[in-house]
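Below, each chain spelled out in residue letters.
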Amino acid sequence: MAFKKKFTPKKKFCRFCANKNLPVDYKRPDILKDFVTDRGKIIARRITGTCAKCQRKLTLEIKRARQMAMLYYTATHSADLLKKM
Ligand SMILES: [Zn+2]
């Protein structure tokens, strides 16, 4: 079969530049979650289409969100997370 199923390359544009009302904020995990994999990894810019400027901010906010989230984890949980980081 010649038809390869790859990551669907939809129209790429920076979501944060396109929508000024969309905040890049660690307090908005509902937005950030679109830019991380289900395992919590940040999705590459070339896939999401985010521009360099916003991606830099996004990375920062995601890292901040991670640190915040870790505060809410139980002791056993955070110890496990720290090992992976
Ligand atoms: Zn942008």
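Counting of residues starts from 1 at the beginning of each chain's written sequence and follows it residue by residue. Note on the predicted model: pLDDT of at least 70 is required for a residue's local features to be given, and 80 or more for side-chain atom pairs to be given and counted; whole-chain, interface and lining totals, by contrast, use all residues.

Per an unreviewed UniProt entry, the protein goes by Small ribosomal subunit protein bS18 and derives from Solidesulfovibrio carbinoliphilus subsp. oakridgensis. For the record of the protein, the UniProt heading Sequence similarities (unreviewed entry) holds the text "Belongs to the bacterial ribosomal protein bS18 family." The UniProt entry for the protein carries the following comment under Function (unreviewed entry): "Binds as a heterodimer with protein bS6 to the central domain of the 16S rRNA, where it helps stabilize the platform of the 30S subunit." UniProt positions are given in the numbering used here, feature names are shortened, and annotations may be inferred rather than shown by experiment.

Engineer: Tell me about the overall build of the protein, and name the residues and values.
Structural biologist: Helix numbering and strand numbering both begin at the N terminus, where a helix is a DSSP run of H or I of at least 4 residues and a strand a DSSP run of E of at least 2. Within the protein, the regular secondary structure consists of five helices and zero strands. Written out in order from the N terminus, the α and β elements of the protein read α-α-α-α-α. Within the protein, buried positions represent 9% of all 85 residues. Contact between residues is assigned whenever the C-beta positions, reconstructed from backbone atoms, fall within 7 Å. Considering only intrachain contacts with a sequence separation of at least 6, the fraction spanning at least 24 residues in the protein is 59%. Exposed residues have 12 or fewer other C-beta atoms within 10 Å of their own C-beta, buried residues have 20 or more, and partly exposed residues fall in between, where C-beta atoms are placed from the backbone.

Engineer: Explain the environment of C54 to me, and be specific about the residues and the numbers.
Structural biologist: The topology assignment puts C54 in helix 4 (residues 52-72). What makes C54 partly exposed here is the crowd of 19 C-beta atoms within 10 Å. On a C-alpha basis, the gap between C54 and F16 in space is 6.8 Å, while along the polypeptide they are 38 residues apart. Excluding residues within four positions of it along the chain, C54 makes contact with C14, F16, C17 and V24.

Engineer: Quick rundown of the nonpolar core? Include the residues and the values.
Structural biologist: Listed in full, the five residues of the largest apolar core are F16, V24, F35, L58 and I62. When residues no more than four places from it in sequence are discounted, the contact partners of F16 are L22, V24, T50 and C54. Nonpolar cores are identified as sets of buried Ala, Val, Leu, Ile, Met, Phe, Trp, Tyr and Cys residues joined via C-beta atoms within 7 Å.

Engineer: Break down the confidence of the model for the protein for me, with residues and values.
Structural biologist: Note that predicted coordinates carrying low pLDDT should not be read in detail. Looking at the protein, the pLDDT average stands at 81 and 69% of residues meet or exceed 70. pLDDT gives the predictor's per-residue confidence on a scale running from 0 to 100. When pLDDT is averaged over each element of the protein, helix 1 (residues 15-18) comes out on top at 96 and helix 5 (residues 75-84) at the bottom at 56.

Engineer: Provide a residue-level description of the environment of K12, including the pertinent values.
Structural biologist: When you line up the elements, K12 lands in the segment before helix 1. Along the backbone, K12 and I47 are 35 residues apart, and their C-alpha atoms lie at a distance of 8.1 Å.

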